[in-house]
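Descriptive analysis of the structure
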Amino acid sequence: MTLWIVLGTMSLLAALFVAAPLYRGQRRVSFVTVGSVLLVAAGSAALYARQGSPGLSSAGDGELPAMDEVVAALAERLEANPGDLKGWKMLGRSSMQLEDYGQAVDAFERANALEGSQNAQTLIELGEALLARDGAGVEGRAANLFEAALALDATNPTALFYGGIGALNRGKPALAADRWEALLAQDPPPEIRHVLEMRIAEWRGEPPPAPPAAAAPVTAEATAGEGDAVIAATISVADAAAATLPPDTTVFVIARDPAQPSPPIAVRRMTLAGFPATVRLGDGDAMMAGRTLSGLDELELVARASRSGRPVEQAGDWVGSVIVRPADTPQVSFSIDREVR
């Protein structure tokens, strides 16, 4: 799993993107790479097997305890052995996977203190844990941590990504562009390259680049499995919209929290020719740890046919939306029927 997959998902999280196209193969990778997940799971299991935990009930021969039990046992052992740097990092990463962001922050704080704030990766993971816990933008202490990581490792892609957003939030678009140009130099795939190039051009006040010829949009068939779906939306296109827009018009299907619309929780990129279509979205489509579709009582679904192919709403686009409570109405229908003036 390459870092560009992580950046592909994270690039969709920035509020300034609103709803950048999601490359289907890159979904559900958030703050920690899959490699880290495997490392945490294997490491925790090995630690449990090696040290044991008398306080936990036995699940029977050959069965491993639940992950939350393992993490609780690890946290207890670390309190008795506070100098265990690897243990604190393991606890932080495990807690991120369990969405216990407060414990993750505490664990990475301990690891960072043991390292004297001199490890770029730990600074980044602490910053990501703070973002997940607080639900805030790249500002304040989190932004300072990414800046400190860049000072230690000026080519770290994750630090460059967050550092670019942080610079923009401080009113320094030129610095943001410089940092994302450094990401471009690390040879991202075409889909991610185009997203970076669009934002860089915007920040430098330049014309947007042409979309890559090989960038194929996600079609209606690329949907979540039936068992994974939280909401299934059947989306049609009003006759007036169909008569106005060409079949290859890009359509963004967006799921977001009505109380906090930006950043969106999940995004699909499709083409108008694929409609009407039933789009199924589930927790596997979530773009950020801690913000899942099943975690919300109420969802707003938006379908936007974009004349420009860009995610930001513009005059001439056509949209449709509906607010739904998935627990009560797991299936919903609506239409792309309103032209943006």
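These numbers were taken from a predicted model, which means no experiment stands behind them.

Each value, and the rule that gives it
Residues numbered from 1 in each chain as written. Predicted model: local features only at pLDDT ≥ 70, side-chain atom pairs only at ≥ 80, totals over all residues. Heavy atoms only, no water. Helix = DSSP H or I, 4+ residues; strand = E, 2+ residues; numbered from the N terminus. Contact = heavy atoms within 4.5 Å. Areas by Shrake-Rupley, 256 points an atom, 1.4 Å probe, with all protein chains shown as cover. Expected span 1.5 Å × (residues − 1). Buried < 20%, exposed > 50% of the residue type's maximum accessible area, 1.4 Å probe, protein only. Polar contact = N/O pair within 3.5 Å; in protein donor to acceptor, adjacent residues only side chain to side chain. Salt bridge = Lys/Arg side-chain N within 4 Å of Asp/Glu carboxyl O. Axes fitted to C-alpha atoms, helices over the stretch in contact; angles between N-to-C directions. Parallel < 35°, antiparallel > 145°, perpendicular 65-115°, else oblique. Left-handed = near helix turned anticlockwise from the far one by under 90°. Nonpolar A, V, L, I, M, F, W, Y, C, P; charged D, E, K, R; others polar. Core = buried A, V, L, I, M, F, W, Y, C linked by side-chain atoms within 4.5 Å. Pairing = 2+ DSSP bridges.

Considering the overall build of the chain
Across its full length, the chain carries 11 helices and 8 strands. Residue pairs at least 24 apart in sequence account for 61% of intrachain contacts in the chain once pairs closer than 6 positions are excluded. Total accessible area on the chain is roughly 15100 Å²; 51% of this is exposed by carbon and sulfur atoms.

A word on helix 4 (residues 85–97)
The end-to-end C-alpha distance of helix 4 is 19 Å, a good match for the 18 Å that 13 residues give at a rise of 1.5 Å each. Taking burial as the measure, the 13 residues of helix 4 include 10 buried ones, the bulk of the element. What helix 4 keeps buried is the set Gly87, Trp88, Lys89, Met90, Leu91, Gly92, Arg93, Ser94, Ser95 and Met96. Between the side-chain oxygen at the start of helix 4 and the backbone nitrogen of Lys86 there is a gap of 3.4 Å, and the oxygen is on Asp84. Once helix 4 finishes, Glu99 follows within two positions and takes phi at roughly 60 degrees, a positive value.

Considering the pattern of salt bridges
Applying the stated rule across the entire model yields 14 salt bridges. Here Glu181 makes a salt bridge to Arg204, at a shortest N to O gap of 3.0 Å. With Glu181 in helix 9 (residues 173–184) and Arg204 in helix 10 (residues 190–204), this residue pair connects regions lying 23 residues apart in the sequence. Looking at Arg204, the relative accessible area reads 31%, which means it is partly exposed.

Remarks on the packing of helix 3 (residues 67–80) against helix 4
Running from N to C, helix 3 and helix 4 cross one another at 150 degrees; their axes reach a closest spacing of 10 Å. Classified by the interaxial angle, the pair formed by helix 3 and helix 4 is roughly antiparallel. Crossing angle aside, the handedness with which helix 3 passes helix 4 is left-handed. In contact with Met67, Val71, Leu74, Ala75, Leu78 and Glu79 of helix 3, helix 4 contributes Gly87, Trp88, Met90, Leu91, Ser94 and Ser95. Residue composition of the contact of helix 3 with helix 4, by class: 8 nonpolar, 3 polar and 1 charged.

Details of the nonpolar core
Membership of the largest hydrophobic core comes to 35 residues, with the highest contact counts inside it found for Met96, Val138, Phe146 and Trp180. Contributions of two or more residues to this core are made by helix 5 (101–114), helix 6 (120–134), helix 7 (140–152), helix 8 (157–169), helix 9 and helix 10. Considering each element in turn, this core owes the most residues, 8 residues, to helix 6. Excluding residues that lie within four positions of it along the chain, Val138 makes contacts with Leu131, Ala143, Phe146, Tyr162, Ile165, Gly166 and Asn169. Formed by 30 residues, the second largest nonpolar core is a distinct cluster that contains Leu245, Leu293, Leu299 and Trp318.

Some words on the sheet that holds strand 7 (residues 331–336)
Here we have 3 strands laid out as an open sheet, ordered 4-1-7, and mixed in their pairing. If you trace the sheet from one side to the other, it starts and ends with strand 4 (277–282) and strand 7, each paired once. Taking the axes of each pair of neighbouring strands and ignoring which way they run, one obtains an average angle of 30 degrees across the sheet.

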